[in-house]
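Spelled out from the first residue to the last, the chains are:
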Number of protein chains: 2
Amino acid sequence: MHRLEDLSNNKRSYPSGGYLYRTGDRFKSLHAIRSGSFKTRVLHEDGREQVTGFLMAGEIIGLDAISTDLHTCEAVAMEESEVCELPFNKLEELSRDIPSLQRHLHKIMSREIVRDQGIMLLLGSMRAEERLAAFLLNLSSRNAAHGMSATQFKLRMSRLEIGSYLGLKLETVSRTFSHFQEEGLIQVKARAVELLDLQRLRTLVGKS
Amino acid sequence: MHRLEDLSNNKRSYPSGGYLYRTGDRFKSLHAIRSGSFKTRVLHEDGREQVTGFLMAGEIIGLDAISTDLHTCEAVAMEESEVCELPFNKLEELSRDIPSLQRHLHKIMSREIVRDQGIMLLLGSMRAEERLAAFLLNLSSRNAAHGMSATQFKLRMSRLEIGSYLGLKLETVSRTFSHFQEEGLIQVKARAVELLDLQRLRTLVGKS
DNA sequence: TAGATGACTTGATATATGTCAAAATAGACA
DNA sequence: TGTCTATTTTGACATATATCAAGTCATCTA
């Protein structure tokens, strides 16, 4: 067993804005993203909402949706997004027989929790510049992990969505981008970003 | 199978500040809290840290510790804290035979993720008053869930710890407490708190 | 290509929260 | 009980980010 998505025989496509699942849906599957990208959101009764994550090709969606009805996941990329469905009951059955799968699921689950804790640290104790630098570096290393450029990429999400994720207003996100550019840390034009000085971006994140 | 802790034959005690697990420990057990309370923290390489949760008697600790080495859990109460250990491999074995346990574990896991998402919403989009009101209401309902008063209780944690959890400085926490008292929402003296107007506290959280 | 629509940038100003400092209070211990 | 220390409160001031408001720039459609 090398890749979870080998288990799937059900592939589906979603247009931008298409819902993979939405508030109230019963959780029943994991999804491996083959192309495009997705965002997850939590909703509050009073209408307040927040983006809680962005997911890209090569990553697994779904565990953070377990049993919550205040949570949605939808495609954000400009191109079509494709996923493989991994039905949960099938995974459960298999995981009884295949110990390595059990561990694999654990690892995925853990990763989500660790990721959430990182975001909590970010939201709770970083300033705007640190948050955005951390965000860019995170995208960078995930790009690299999937065989894409670590320094040049196109953002899949709007300033508003980035702001929601980082706990900032879109104007602050935009200003901080501009500021980074003035400092020679990045080159940014609309959604096209190039990281010019990874080292200085890293030191930016690691200070209080 | 009604309560997870019936599985345990291993009970342990911790003094205030005692570590249940600490950075780098290998995750191997869940723990059911019998008395006292605990806090979990994430640590950052640069020394920055944040309280990510408070856990009280009757609750289960441990899942958010899976495979992360930047995470600690320690006792915070004044009195001794006692836990039942639930070894993970034992749980895994049992969960193969007992489907209801599998579901039970799922539910616990989900709850942690949902909780984290709630905190992300709080940290990302609420102001100081809303955060503290949400915090107090959360303590209140958890107290009630364990058969204690929903309106009168003693805080187990310092202003500094509350601030770390809510992404605020301790002075802001203190000022907000005082402000709530002036408004007649609560009665507070050091760590003794009485919620005087639950309804208004709730409306405070649900606006912006 | 022109016009329309939504996304992004930039500026001026307001405001919430942080920072620094001191005093008051509570809890621990001899 | 009194002393010591840590916690909490309160004040004055600084600052980061939000808010409000234009204006520019992209992208899409006709």
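Let us now look at the protein's contact with DNA strand D. Neighbouring DNA strand D are 16 residues; Ala128(A), Thr172(A), Arg159(B), Ser174(B) and Ser178(B) lie closest to it. Across the atoms of DNA strand D situated within 4 Å of the protein, the share located in sugar and phosphate is 63%. At a separation of 2.5 Å, a phosphate oxygen of DNA strand D approaches a polar side-chain atom of Ser178(B). Between DNA strand D and Arg191(B), the relevant distance is 3.0 Å, taken from a phosphate oxygen to a side-chain nitrogen or oxygen of the residue. When contributions to the surface near DNA strand D are tallied by element, the ones reaching two or more residues are helix 5 (170–182) of chain A together with helix 5 (170–182) of chain B. The dominant element in the surface near DNA strand D, judged by the number of residues it contributes, is helix 5 of chain B, at four residues. Classifying every residue of the surface near DNA strand D gives two nonpolar, five polar and nine charged.

What follows is about the packing of aromatic side chains. All chains considered together, the criterion is met by six aromatic pairs over all chains. An aromatic cluster is defined as three or more aromatic residues linked by ring pairs; in this entry it consists of Phe54(A), Phe135(A) and Tyr165(A).

This part covers the pairing of strand 5 (residues 49–56) of chain B. With seven of eight residues buried, strand 5 of chain B lies mostly within the body of the structure. Where strand 4 (residues 37–43) of chain B folds back onto strand 5 of chain B in an antiparallel hairpin, the turn is made up of five residues, including Gly47(B), whose phi is positive at roughly 100°.

A separate point is the protein's contact with DNA strand C. Taken together, 16 residues lie near DNA strand C, and Ser174(A), Ser178(A), Ala128(B), Thr172(B) and Lys189(B) sit nearest. Backbone atoms, meaning sugar and phosphate, make up 63% of the atoms of DNA strand C lying within 4 Å of the protein. Ser178(A) is positioned such that a nitrogen or oxygen atom in its side chain is 2.5 Å from a phosphate oxygen of DNA strand C. Within the side chain of Lys189(B), a nitrogen or oxygen atom sits 3.3 Å from a phosphate oxygen of DNA strand C. Listed by contribution, the elements that provide at least two residues to the surface near DNA strand C are helix 5 of chain A together with helix 5 of chain B.

The geometry of a pair of packed helices is captured by two quantities: the angle between their axes and the separation between those axes. Residue and element names in this part refer to chain B. At a minimum axis separation of 8 Å, helix 4 (residues 159–166) and helix 5 run at an interaxial angle of 100°. The pairing of helix 4 with helix 5 is recorded here as roughly perpendicular in orientation. Across the interface between the two elements, Arg159, Leu160, Ile162 and Gly163 from helix 4 touch Leu170, Val173 and Phe177 from helix 5. Residues that form the contact of helix 4 with helix 5 fall into these classes: five nonpolar, one polar and one charged.

Another point: the domain arrangement of chain A. A common way to express how large an interface is: the accessible area buried when the components associate. Residues and elements named next belong to chain A. Entries for chain A in the domain assignment read domain 1 (2–118) and domain 2 (126–204). Taken residue by residue, the interface counts 17 residues in domain 1 and twelve residues in domain 2. The contact between domain 1 and domain 2 buries some 1,200 Å² in all, and 55% of this surface belongs to carbon and sulfur atoms. Between domain 1 and domain 2 we count two salt bridges in total. Glu59 is the salt-bridge partner of Arg142, the closest N and O atoms lying 2.9 Å from each other. Elements with a minimum of two residues in the side of domain 1 that touches domain 2: strand 4 (37–43) and strand 5 (49–56). It is strand 5 that contributes the most residues to the side of domain 1 that touches domain 2, eight residues altogether.

With that settled, the discussion passes to the pattern of salt bridges. The final tally for this structure, using the stated rule, is 18 salt bridges over all chains. Note that Glu130(A) and Arg48(B) form a salt bridge whose closest N and O atoms lie 2.8 Å from each other. In this pair, Glu130(A) sits in helix 3 (residues 128–145) while Arg48(B) sits in the loop between strand 4 and strand 5, so the two residues belong to two different chains. Among the ionic pairs, Glu183(B) bridges to Arg200(B), the shortest N-O distance being 3.9 Å. A residue pair is termed long-range when its members are at least 10 positions apart, and Glu183(B) in the loop between helix 5 and strand 10 (186–189) and Arg200(B) in helix 6 (residues 198–205) qualify at 17 residues. On the accessibility criterion, Glu183(B) (40% relative accessible area) is partly exposed.

Reading the values: rules and limits
- Residues numbered from 1 in each chain as written.
- Chains lettered and ligands numbered in written order.
- Predicted model: local features only at pLDDT ≥ 70, side-chain atom pairs only at ≥ 80, totals over all residues.
- Heavy atoms only, no water.
- Near = heavy atom within 4 Å.
- Polar contact = N/O pair within 3.5 Å; in protein donor to acceptor, adjacent residues only side chain to side chain.
- Helix = DSSP H or I, 4+ residues; strand = E, 2+ residues; numbered from the N terminus.
- Nonpolar A, V, L, I, M, F, W, Y, C, P; charged D, E, K, R; others polar.
- Phe/Tyr/Trp six-rings, centres within 6.5 Å; stacked < 30°, edge-to-face > 60°.
- Buried < 20%, exposed > 50% of the residue type's maximum accessible area, 1.4 Å probe, protein only.
- Pairing = 2+ DSSP bridges.
- Axes fitted to C-alpha atoms, helices over the stretch in contact; angles between N-to-C directions.
- Parallel < 35°, antiparallel > 145°, perpendicular 65-115°, else oblique.
- Contact = heavy atoms within 4.5 Å.
- Domains from an automatic or database assignment.
- Buried area = accessible area lost by both parts, 1.4 Å probe.
- Salt bridge = Lys/Arg side-chain N within 4 Å of Asp/Glu carboxyl O.

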